[in-house]
Amino acid sequence: MSFGLTRAIAARDLSIAFRAGGGWFYALMFFAVFAAMAALALGPGRLLLAPAAPAVLWLAAAFSTQFAVADIFEGDANDGFLHALAAEEESLFPYVLAKVLTVMATSALPQVVAAPIILTMYGAPVDAVIAATMVFLMGLPGIMLIALFTAALAAGLRAGGMLATLIAAPFMAPVLIFGVSAMKKVLNGYGFWSPEMLVLTALSLFFAAVIPPFTIFVLRAALE
Amino acid sequence: MKVITQYANPAKFEQLAKAITPFAFGVFAVACVFGLVIGLFFSPEDYQQGNSVRIMYVHVPAAWMAMFSYSFLAAMSLIAFVWRHNVADLLAKEAALPGAVFTALALFTGAVWGKPTWGAWWVWDARLTSMLVLLFVYLGYMAIWQAVEDTSKAARFARIVALIGFINIPIIKFSVDWWNTLHQPASIIRADGPTIHVSMLMPLFAMLIAYTAFFVWLTLAGVRAELMGLRAAQKAQRAPRTVSVKPATAEAPHD
């Protein structure tokens, strides 16, 4: 396996994403817009907003990641790049790894930077905001990897984007449940390493182990 | 291993399915009538729940079968994944609809039972929620088969989705249990024996047998229909092209 390939593909994808019109900020914008819409729907009262902050943050992350990742394999599958790669390379793992890195840089990282701002705007206690953001950082890989797997499915389907979201939703449920409850524990001052936090971390590690091979299987099936 | 590989032959499998299907239907009909009659008319009322306990005879087997069907679907997907077994693909595909219907039935009967007992049609209790999520998993799996035109490609996608779903379902169950629980604990499979009286247990088991036979019947009938469809398509392909040659009307007989 050559990780030079990983570096080359990640560099290409990032330079495409960050050039003018590349749209790297779409995920971040969706994240912010979702949080604002949720606040509009819930009303301006602090009594309702502050307890809802973790739920809104995780939902925003789930949807914005899902939408940001939805067409990540489409270009490579359509122009034949992925076919050539699959024929040439022993393993598609370096390629999938490059995609993970790209998603981290263009979707996950901006969300992690924006999370403390949104939490503060929702009236979360300021001294717990950084710890809550760390919870967010630990749970985000799970969401990202599930979205990546369903994006690989979408690459082989007509109108795959919506279906990818439908398939991803039930699998994201555990991350959502433990992410929200771990963040609530932190915001209410019960300490960082709650049992929920440990499970959330375990989920991220579990998905990191399980998702890449399944994604590669699906990509190879999509190429046929 | 040999059992698995020999039934990869559709003709061989069809023989087996043809033999089992009427038998499964017979078991279903007998057990269903017996279970419903005993359960609905001759079993005692519950001392707390009254007559609404009878929903149990429809609800509990449905919930069991919802989970059994998914396990079956996942096992077939694993077989298909390992051996590239086309019949196993079809079995998994055809098991999805009955499984989804069992899940929906369990949710519906649960809601009907919940109204008089808990005072609400729906509560976000752990078991209800995880059954709802299971329904979504079923629907996602079925959507894969619908969305991909090429059958062999659809099969490869569907196998992987089924397997990843199978890994995730215990995790979802665990997390939803953590999230909330209100549902009564299991009262049939327990270390100290069942807590339900035999007069209620008998119709319950009859219904469980009926549901299982119904599942077998429906799944096998579905696979047989699929195989027949495949054969018809192949036959149409192999058939000599019959081009209708009409005598040109311009060439009218001379004489």
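Structural notes, computed from the coordinates.

Calculation notes
Residues numbered from 1 in each chain as written. Chains lettered and ligands numbered in written order. Predicted model: local features only at pLDDT ≥ 70, side-chain atom pairs only at ≥ 80, totals over all residues. Heavy atoms only, no water. Helix = DSSP H or I, 4+ residues; strand = E, 2+ residues; numbered from the N terminus. Rg over C-alpha atoms; globule rule 2.2 N^0.38 Å. Core = buried A, V, L, I, M, F, W, Y, C linked by side-chain atoms within 4.5 Å. Buried < 20%, exposed > 50% of the residue type's maximum accessible area, 1.4 Å probe, protein only. Contact = heavy atoms within 4.5 Å. Salt bridge = Lys/Arg side-chain N within 4 Å of Asp/Glu carboxyl O. Buried area = accessible area lost by both parts, 1.4 Å probe. Phe/Tyr/Trp six-rings, centres within 6.5 Å; stacked < 30°, edge-to-face > 60°. Lys NZ or Arg CZ within 6 Å of the ring centre and 35° of its normal. 1 Å grid on protein atoms, 1.4 Å probe; cavity = no way out; pocket = protein on both sides within 12 Å on 5 of 7 lines; lining within 4 Å. Points joined across faces, edges and corners; volume = space filled by probe spheres on them. Nonpolar A, V, L, I, M, F, W, Y, C, P; charged D, E, K, R; others polar. Patch = residues over 30% accessible without salt bridge, like charges linked within 9 Å, V, L, I, M, F, W, Y side chains within 5 Å. Areas by Shrake-Rupley, 256 points an atom, 1.4 Å probe, with all protein chains shown as cover. Expected span 1.5 Å × (residues − 1). Arc of directions from axis to C-beta.

Turning our eyes to something else, we now look at the overall build of chain A. The secondary structure content of chain A amounts to nine helices and zero strands. Secondary structure of chain A in N-to-C order comes out as α-α-α-α-α-α-α-α-α. For 224 residues, the compact-globule formula gives about 17 Å, and the C-alpha radius of gyration of chain A, at 18 Å, lands near that figure. Structurally, chain A occupies a C-alpha span of about 55 × 35 × 30 Å along its principal axes.

Below, the discussion takes up the nonpolar core. Among the nonpolar cores identified, the biggest contains 141 residues, and W58, L119, F136, F149 and M183 of chain A together with F13 and F157 of chain B are the most heavily contacted of them. Broken down by element, the residue count for this core peaks at 15 residues, all from helix α7 (residues 129-155) of chain A. Every residue in contact with M183 of chain A, bar those within four places of it in the chain, is listed here: P54, L57, W58, L119, A132, V135 and F136 of chain A. Membership of the second largest hydrophobic core comes to five residues, among which are F28, A31, A210 and A213 of chain B.

Going through the model one piece at a time under the given rule, you end up with eight salt bridges over all chains. For R231 of chain B, the salt bridge identified is with E14 of chain B, shortest N-O distance 2.6 Å. With R231 of chain B in helix α7 (residues 198-238) and E14 of chain B in helix α2 (residues 10-42), the pair connects residues that are 217 residues apart, well separated along the chain. Of the charged contacts in the structure, one is a salt bridge between E226 of chain B and K93 of chain B, with a shortest N-O distance of 2.9 Å. Taken together, the positions of E226 of chain B in helix α7 and K93 of chain B in helix α4 (residues 86-118) put the pair 133 residues apart, joining distant regions of the chain. Taken together, the shared-partner salt bridges connect R12, D13, D76 and K99 of chain A into one network.

The residue F108 of chain B is located in helix α4 in this model. The spatial distance from the C-alpha of F108 of chain B to the C-alpha of S69 of chain B is 18 Å, given a sequence separation of 39 residues.

Taken together, the contact between chain B and chain A spans 28 residues of the former and 26 residues of the latter. In total, chain B and chain A occlude about 2,500 Å² of area from one another, counting both sides; carbon and sulfur atoms represent 80% of this. Contact with chain A buries area across many residues of chain B, yet F157, I164 and W178 of chain B alone supply 22% of it, more than any other trio. Between chain B and chain A we count zero salt bridges in total.

As a further point, take the packing of aromatic side chains. Overall, the coordinates contain 28 aromatic pairs over all chains when judged by the stated rule. Each member of the aromatic cluster is reached from another via a ring pair, and the members are F25, F28, F68, F72, F102, Y211, F214, F215 and W217 of chain B. For the cation-ring pair, R12 of chain A lies above F81 of chain A, with the distance from its terminal atom to the ring centre recorded as 4.8 Å.

Moving on to empty space enclosed by the protein. Within this structure, the stated rule accounts for one cavity of 30 Å³ or more. Lining the largest cavity, in full, are L166, I167, P170 and F171 of chain A together with F136, V137, G140, Y141 and V161 of chain B. Elements represented by at least two residues in the lining of the largest cavity include exactly α8 (160-187) of chain A together with α5 (126-147) of chain B. Its residues assigned to classes, the lining of the largest cavity comprises eight nonpolar, one polar and no charged.

Together, F18, W24, F25, Y26 and M29 of chain A make up a nonpolar patch on the protein surface, roughly 520 Å² of accessible area in all. Judged by its relative accessible area of 31%, W24 of chain A falls in the partly exposed class.

With that out of the way, let us pick up the side chain of T21 of chain B. Residues and elements named next belong to chain B. For T21, the position within the fold is in helix α2. Judged by its relative accessible area of 6%, T21 is buried. Contacts of T21, omitting those with residues within four sequence positions, involve W217, L220, A221 and R224.

Approximately 760 Å³ is the volume attributed to the second largest pocket. If you go around the second largest pocket, you meet 29 residues; those closest to its centre are L59, A169, A173 and L176 of chain A together with V133 of chain B. Within the residue set of the lining of the second largest pocket, elements represented by two or more residues are α3 (46-69) and α8 of chain A together with α5 and α6 (151-179) of chain B. The biggest single contributor to the lining of the second largest pocket is α8 of chain A, with 13 residues. Split into classes, the residues belonging to the lining of the second largest pocket amount to 23 nonpolar, five polar and one charged.

This part covers helix α1 (residues 3-18) of chain A. Residue and element names in this part refer to chain A. With 16 residues, α1 should reach 22 Å at 1.5 Å per residue; the first-to-last C-alpha distance of 22 Å fits that figure. Burial in α1 covers these residues: L5, T6, I9, A10, D13 and A17. When α1 is viewed along its axis, its buried side chains cluster within an angular range of 125 degrees and face the same direction.

Residues and elements named next belong to chain A. Tracing the chain through its elements places L42 in helix α2 (residues 26-42). Of the residues examined, L42 reaches a relative accessible area of 32% and is grouped as partly exposed. Apart from residues no more than four positions distant in its own chain, L42 is found in contact with L48, L49, A52 and V56.

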